[in-house]
Amino acid sequence: MTDTKRLYYDDAYLVDFEADVVERREHEGQPAVVLDRTAFYPESGGQPWDKGTINGVEVLKVVEADGAILHVLRSAIGPGPVHGRIDAATRFDHMQQHTGQHVLSQAFFELVKGETRSFHMGPDVSTLEIGLGGIADRDLDRVEDRANDVVREDREVKTYFVPEERIGEVPLRRPPKKTGLLRVVEVDGFDYSACGGTHVRRTGEIGLIRIGPAEKIRGNLRFEFLCGGRALRDYRLKDRAIRRLASMFSSSAGDVPGQVEKLATEHKALKKRARHLEERLAAFEADGIVKAAQGRVISGVLEDRSPEEARFLALNVIRRGDLAVAYGARGEAQAHLILARSESLKADLRQLVPIIAAVVPVKGGGGPSLVELVMTDKGRLKEAVEAAAAWLAENA
Ligand SMILES: [Zn+2]
């Protein structure tokens, strides 16, 4: 066991430090160093490791492995004392989220007896799993209000060590997971947690605590939450989005959901109307095509149509007589070959698949009276249509 002095225990704001390398190792193929002292927080208890550099070399990760704190480096560093530098903005963000989590966990416990099951700090949002099957919006608001009251009260956040045998005297929210000398993080008179993480000095520094959406997991509720800078950025993003929508609708922000609902209803009605008109148009077009047809095979590449439109037209055509159709149409990435025949005809169009495949590589299939094939070589669509038409002339 290499005992590295954890400088962040005493001062979470320390982002520059000097240390000596006590051991060099390799971790997952990268050079790693063990220091006699470090301000780097190793990944633990739901909190990610600190970003930063050692002697200017990027620290890829900081983990506790094989009884030591390993600083895994982008490249090896030379001998001698080292200078560590923590990315201060990321560290402070972690301090805000982590202290906010303590406050939120206690607010859940105090108001709705919701116990914290787990905590995870992500790069964008954090999650808190609470032992509740459900919660009313009204109660969730009370929890959020209570947490923000504690922020506004600007309570001191104290850390101290308590020997295991005396930990019973501390009103911990959760029983400790570790043994020996335990580090207690106390949000003055409000919350007591055994925790080795980095926290702000006073709750005022947490900033706004905002509870986000929840999902059910393992019979519990897992909430997203944001604190401080993250909550501000989220508010800014959403405020801009809503204001943009409001100006599009010439409405107030509060009216946006109603406006969107109205638009969705109108959109649905218009789609229905468009489909109806398409059907009438296709019937009209199909009549013209059938009248102009010479023989029972109708074929061609429909240059100005999507594959869906071509299929729709083909189905309308075959309903109007004893006819077989081979239409080509180009989609975004692939060309489509649509083969269809009237029910009165007997040919099995699936027999055409290997014949077309011998001309150009295709994928797809269908039934005896309707086959749709796609090809990535859009330039050979005409060739495929002609091969299909020739076969249909003989066999359909
Ligand atoms: Zn903590």
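Note that the coordinates shown come from a computational prediction; the quantities given were computed from them, not determined experimentally. (Residues numbered from 1 in each chain as written. Predicted model: local features only at pLDDT ≥ 70, side-chain atom pairs only at ≥ 80, totals over all residues. Heavy atoms only, no water.)

Next up on the list: the coordination of the zinc ion. Four donors placed tetrahedrally around a metal ideally meet at 109.5 degrees, and six donors placed octahedrally ideally meet at 90 or 180 degrees. At this site the zinc ion is bound by His98 (NE2), His102 (NE2), Cys195 (SG) and His199 (NE2), with donor distances of 2.0 to 2.2 Å. The coordination sphere of the zinc ion comprises 4 donor atoms, whose angles at the metal cover 99 to 125 degrees; the geometry is tetrahedral. Here the donor residues of the zinc ion share one chain and are spaced in sequence as H-x3-H-x92-C-x3-H. Taken as a pair, His98 and His102 lie in helix H2 (residues 88-112) at a separation of 4 residues, close to a single helical turn. Here His98 matches His102 in class, with each residue buried. (Donors = N, O, S within 2.8 Å, 3.2 Å for Na, K, Ca; no water. Tetrahedral: all angles 85-135°; square planar, octahedral: opposite > 155°, others 65-115°. Helix = DSSP H or I, 4+ residues; strand = E, 2+ residues; numbered from the N terminus. Buried < 20%, exposed > 50% of the residue type's maximum accessible area, 1.4 Å probe, protein only.)

Membership of the largest hydrophobic core comes to 30 residues, with the highest contact counts inside it found for Val103, Leu104, Phe108 and Ile209. Going through the elements one at a time, H2, strand S10 (116-121), strand S11 (126-130), helix H3 (137-152), strand S13 (181-187), strand S15 (209-217) and strand S16 (220-227) are the ones with two or more residues in this core. Broken down by element, this core gets its largest block of residues, 6 residues, from H2. What Phe108 contacts, discounting residues up to four positions off in sequence, is Lys113, Gly114, Leu128, Ile130, Leu132, Ile135, Leu140, Val143, Ile211 and Phe223. Core analysis: the second largest hydrophobic core is formed by 23 residues, Ala326, Leu337, Leu345 and Leu352 among them. (Core = buried A, V, L, I, M, F, W, Y, C linked by side-chain atoms within 4.5 Å. Contact = heavy atoms within 4.5 Å.)

Attention now moves to a negative patch on the surface. A surface patch of negative charge is lined by Glu278, Glu279, Asp304, Glu308 and Glu309. Residue assignment for the negative patch shows that the elements contributing at least two residues are helix H5 (256-292) and helix H6 (307-318). Taking relative accessible area as the criterion, Glu279 reaches 41% and is therefore assigned partly exposed. (Patch = residues over 30% accessible without salt bridge, like charges linked within 9 Å, V, L, I, M, F, W, Y side chains within 5 Å. Areas by Shrake-Rupley, 256 points an atom, 1.4 Å probe, with all protein chains shown as cover. Salt bridge = Lys/Arg side-chain N within 4 Å of Asp/Glu carboxyl O. Lys, Arg positive; Asp, Glu negative; His and termini not counted. Charge placed at Lys NZ, Arg CZ, Asp CG, Glu CD.)

On to the pattern of salt bridges. Summed over the entire model, instances satisfying the criterion amount to 31 salt bridges. In this structure, the salt-bridge partner of Arg155 is Glu153, at a minimum N-O distance of 2.7 Å. Using a relative accessible area of 19% as the deciding quantity, one classes Arg155 as buried. On the accessibility criterion, Glu153 (40% relative accessible area) is partly exposed. One network of salt bridges, with partners in common, ties together Glu23, Arg25 and Asp66.

What follows is about the packing of helix H4 (residues 228-249) against H5. Running from N to C, H4 and H5 cross one another at 55 degrees; their axes reach a closest spacing of 10 Å. Considering their axes alone, H4 and H5 lie oblique with respect to each other. By crossing handedness, the relation of H4 to H5 is classed as left-handed. Where H4 approaches H5, its residues Ile242, Leu245, Ala246 and Phe249 are matched on the opposing element by Val256, Gln259, Val260 and Leu263. In terms of residue class, the contact of H4 with H5 is made up of 7 nonpolar, 1 polar and no charged. (Axes fitted to C-alpha atoms, helices over the stretch in contact; angles between N-to-C directions. Parallel < 35°, antiparallel > 145°, perpendicular 65-115°, else oblique. Left-handed = near helix turned anticlockwise from the far one by under 90°. Nonpolar A, V, L, I, M, F, W, Y, C, P; charged D, E, K, R; others polar.)

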